[in-house]
Amino acid sequence: MKKYIFLSIILFIGFSCKGNEPDPTPKPPENNITSLKQAPFPIGAAVNVDALKNDNEYRQLLIDEVTSVTPENAMKMYALSSGRGVYTWDDADYLVNFALENNMRVHGHTLIWYHSNGWWIENTFSGTKEEWIAVMREYIQDVVTHFKSKVTAWDVVNEAFNDDGTYRPSIWYDNIGEEYIELAFRFAHEADPDAVLFYNDYGQEYSFNKIQAINTMVDTLLAKNVPIHGIGLQMHMNINSSETKINYAVNSARNLIVHISELDVSVNTENNPDATFNDELAQLQKNVYKYATEAMLNVNEDLRYGITFWGITDKYSWRSSAPDWVLPFDADFNKKPAYDGMLEVFNQ
Ligand code: G3I
């Protein structure tokens, strides 16, 4: 019971502590939602800062359609830090300023991950467990402090588990052990007690072992009053993703805030180099976008953080190993059936 009181207090602080962060959730017109910006929960996008700087059509699409942004890469360690205590904030600050100028929420991604760490820490740093804890604490608190009151939520730890539920090897796990997760959340909370802190991962919609591992971790952290407030389900899905498993995954997030944090839906499931996009694939893709939207709508309103696409237009998608068309806007910034499907859910 204590943990739910604790969580309720955190939720109250996290959502009612209105510093100067924008309120990204406009009140939608009754059943006449014509833009994702009017959705009953925040719709966001992972933002490519180079495109934001250089592609006005991309910039305008974000302004027209989303109320939340996540830096695709600009707040990862490799992008921010070229040495211990050495930072370059320009691209991340550019995105934050764009977001705040356009009354958008900024979701920080990501503080501690196995991937995309600074070259310096991967190749030049070594030390005792205590020294690894110290360098992790310094990094987290330097970054969270820099963005304090502008970045209102963080993916504190990203992808700590393998699909089979075992801990994923990383410089953090290998040098600190599994307690790196608890420490990362405590360090982030120390730096910004108002920030809403998430654990983020992929595969909950297909791996029960991963759901179990995440929930065991969450239960352990909550029992120790570790400030973890939300779960990010990345949901990098495909046209074969199961509606039942999507709903199970979203409902598995304990009593924490729920973020579908990196939604995209692949149509080229075989990585066919000669694949082409067509109406049939577009309809199958639309169905999966609808499943995710319906799942988020079914989350208790107080725990509904929203849906963030991993990008917004096929012109700038991370999926490049084979032709694919994973996002709700095509490469010419036209709405796809997936977009219409989300509006259908909101207007039903
Ligand atoms: O900007 C450099 C460029 O200067 C250089 O020439 C080029 C070749 O080395 O690399 C460019 O940086 C790349 C960056 O994307 C920007 O394109 C990095 O190498 C590349 O590793 C990075 O990939 C990103 C990946 O995370 C790893 O950080 C993807 O864009 C990004 O979409 C992807 O996003 C992840 C989430 O953070 C976590 N969940 C999974 C998701 C998809 O993998």
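The coordinates are above.
Residues numbered from 1 in each chain as written. Predicted model: local features only at pLDDT ≥ 70, side-chain atom pairs only at ≥ 80, totals over all residues. Heavy atoms only, no water.

Student: Please provide a residue-by-residue account of the pairing of strand S2 (residues 68–71), values included.
Tutor: Within a regular strand, side chains alternate between the sheet's two faces. Burial along S2 is two-sided: the residues Ser68 and Thr70 and Val69 and Pro71 are all buried. For strand S1 (residues 43–47) and S2, the ladder comprises 4 bridges, and the chain directions are parallel. In the sheet register, Gly44 faces S2, and the bridge partner there is Ser68. Two strands pair when backbone bridges link them, and S2 and strand S5 (residues 105–112) are joined in this way by 2 bridges, in the parallel orientation. Bridge pairing in S5 places Val69 opposite Val106. (Buried < 20%, exposed > 50% of the residue type's maximum accessible area, 1.4 Å probe, protein only. Helix = DSSP H or I, 4+ residues; strand = E, 2+ residues; numbered from the N terminus. Pairing = 2+ DSSP bridges.)

Student: Residues and numbers for the packing of aromatic side chains, please.
Tutor: With the rule as written, the count across this model stands at 17 aromatic pairs. Aromatic pair Phe125 and Trp132: ring centres 4.8 Å apart, planes at 90 degrees, arrangement edge-to-face. Just as Phe125 is buried, Trp132 falls in that class too. Among the aromatic residues, ring-to-ring pairing joins Tyr87, Trp89, Tyr139, Phe147 and Trp154 into one connected group. The aromatic ring of Tyr305 is capped on one face by Arg105, whose charged end is 3.6 Å from the ring centroid. The side chain of Lys336 reaches across the aromatic face of Phe277, ending 4.9 Å from its centre. (Phe/Tyr/Trp six-rings, centres within 6.5 Å; stacked < 30°, edge-to-face > 60°. Lys NZ or Arg CZ within 6 Å of the ring centre and 35° of its normal.)

Student: Describe the pattern of salt bridges, listing the residues and the values that go with them.
Tutor: What the rule picks out here adds up to 14 salt bridges. Between Arg186 and Glu182 there is a salt bridge, with its nearest N and O atoms 2.9 Å apart. Remark: Glu182 and Arg186 occur in helix H9 (residues 179–191); sequence separation between them is 4 residues, near one turn of the helix. Within this structure, Asp163, Asp201 and Lys210 form a network of salt bridges that share partners. (Salt bridge = Lys/Arg side-chain N within 4 Å of Asp/Glu carboxyl O.)

Student: Go over the packing of helix H12 (residues 279–297) against helix H13 (residues 337–346) with me, naming the residues and quoting the values.
Tutor: In contact at an axis separation of 8 Å, H12 and H13 are set at 35 degrees when each is read in the N-to-C sense. Crossing handedness for the pair H12 and H13: right-handed. Residue-level inspection shows Ala282, Gln283, Gln285, Lys286, Tyr289, Lys290, Thr293, Glu294 and Leu297 of H12 in contact with H13, the latter providing Pro337, Ala338, Gly341, Met342, Glu344, Val345 and Phe346. Partitioned by chemical class, the residues of the contact of H12 with H13 number 8 nonpolar, 4 polar and 4 charged. (Axes fitted to C-alpha atoms, helices over the stretch in contact; angles between N-to-C directions. Left-handed = near helix turned anticlockwise from the far one by under 90°. Contact = heavy atoms within 4.5 Å. Nonpolar A, V, L, I, M, F, W, Y, C, P; charged D, E, K, R; others polar.)

Student: Give me the lowdown on the packing of helix H7 (residues 129–147) against H9, citing residues and values where you can.
Tutor: The interhelical angle for the contact between H7 and H9, taken along N-to-C directions, is 35 degrees, at an axis separation of 9 Å. Of the two elements, H7 crosses H9, and the hand of that crossing is right-handed. Along the contact surface, H7 presents Lys129, Ile133, Met136, Arg137, Ile140, Gln141, Val144 and Thr145, while H9 presents Glu179, Tyr180, Leu183, Ala184, Phe187, Ala188, Glu190 and Ala191. Here the residues of the contact of H7 with H9 are counted per class, giving 10 nonpolar, 2 polar and 4 charged.

Student: If you had to explain the site of the ligand to someone new, which residues and values would you point to?
Tutor: In the vicinity of the ligand there are 15 residues, among which Glu72, Lys76, His109, Ser116 and Glu262 approach most closely. One of the side-chain nitrogen or oxygen atoms of Ser116 is found 2.6 Å away from an oxygen atom of the ligand. In isolation the ligand offers 790 Å² of accessible surface; the protein chains occlude 49% of this area. Tallied by class, residues from the shell around the ligand come to 4 nonpolar, 7 polar and 4 charged. (Near = heavy atom within 4 Å. Polar contact = N/O pair within 3.5 Å; in protein donor to acceptor, adjacent residues only side chain to side chain. Areas by Shrake-Rupley, 256 points an atom, 1.4 Å probe, with all protein chains shown as cover.)

Student: Could you give an account of the pairing of strand S11 (residues 304–309), with specific residues and numbers?
Tutor: Buried residues dominate S11, accounting for 6 of its 6 residues. Judged from the 3 bridges that link them, S1 and S11 form a sheet pairing that is parallel. Residue pairing in the sheet places Gly44 in a bridge with Thr308 of S11. With H12 bridging strand S10 (residues 257–266) and its parallel neighbour S11, the resulting β-α-β unit is right-handed. (Right-handed = clockwise from strand over helix to strand, strands pointing away.)

Student: Break down the side chain of Arg168 for me, citing the residues and quoting the values.
Tutor: Along the chain, the position of Arg168 falls in the loop between strand S6 (153–158) and helix H8 (171–176). Despite its burial, Arg168 pairs with no opposite charge; the closest candidate is Glu159, at 4.3 Å N-O. Side chain to side chain, Arg168 and Tyr202 meet in a polar contact 3.0 Å long. Once residues lying within four places of it in the same chain are set aside, the contact partners of Arg168 are Tyr114, Glu159, Ala160, Phe161, Asn162, Tyr173, Tyr202 and Lys210. (Lys, Arg positive; Asp, Glu negative; His and termini not counted.)

Student: Explain helix H10 (residues 208–223) to me, using residue names and the numbers behind them.
Tutor: For H10, spanning 16 residues, the distance from its first C-alpha to its last is 22 Å, which sits close to the expected 22 Å at 1.5 Å a residue. What H10 keeps buried is the set Lys210, Ile211, Ala213, Ile214, Asn215, Met217, Val218, Leu221 and Leu222. Of the residues flanking the end of H10, it is Asn225, one or two places downstream, whose phi is positive at about 55 degrees. (Expected span 1.5 Å × (residues − 1).)

Student: Describe in detail the nonpolar core, supporting the description with residues and values.
Tutor: Nonpolar side chains in soluble globular proteins generally cluster together in the buried interior. Core analysis: the largest hydrophobic core is formed by 111 residues, its most contacted members being Met136, Trp154, Val157, Trp172, Phe185, Tyr199 and Leu263. The leading source of residues in this core is H7, at 9 residues. For Met136, the contacting residues outside a window of four places in its chain are Ile112, Trp172, Ile176, Tyr180, Leu183, Ala184 and Phe187. (Core = buried A, V, L, I, M, F, W, Y, C linked by side-chain atoms within 4.5 Å.)

Student: How would you explain the environment of Pro193 if you had to name every residue and give the values?
Tutor: By secondary structure assignment, the location of Pro193 is in the loop between H9 and strand S7 (196–201). Accessibility expressed as a relative area gives 40% for Pro193, which makes it partly exposed. Separated by 62 residues in sequence, Pro193 and Glu131 place their C-alpha atoms 24 Å apart.

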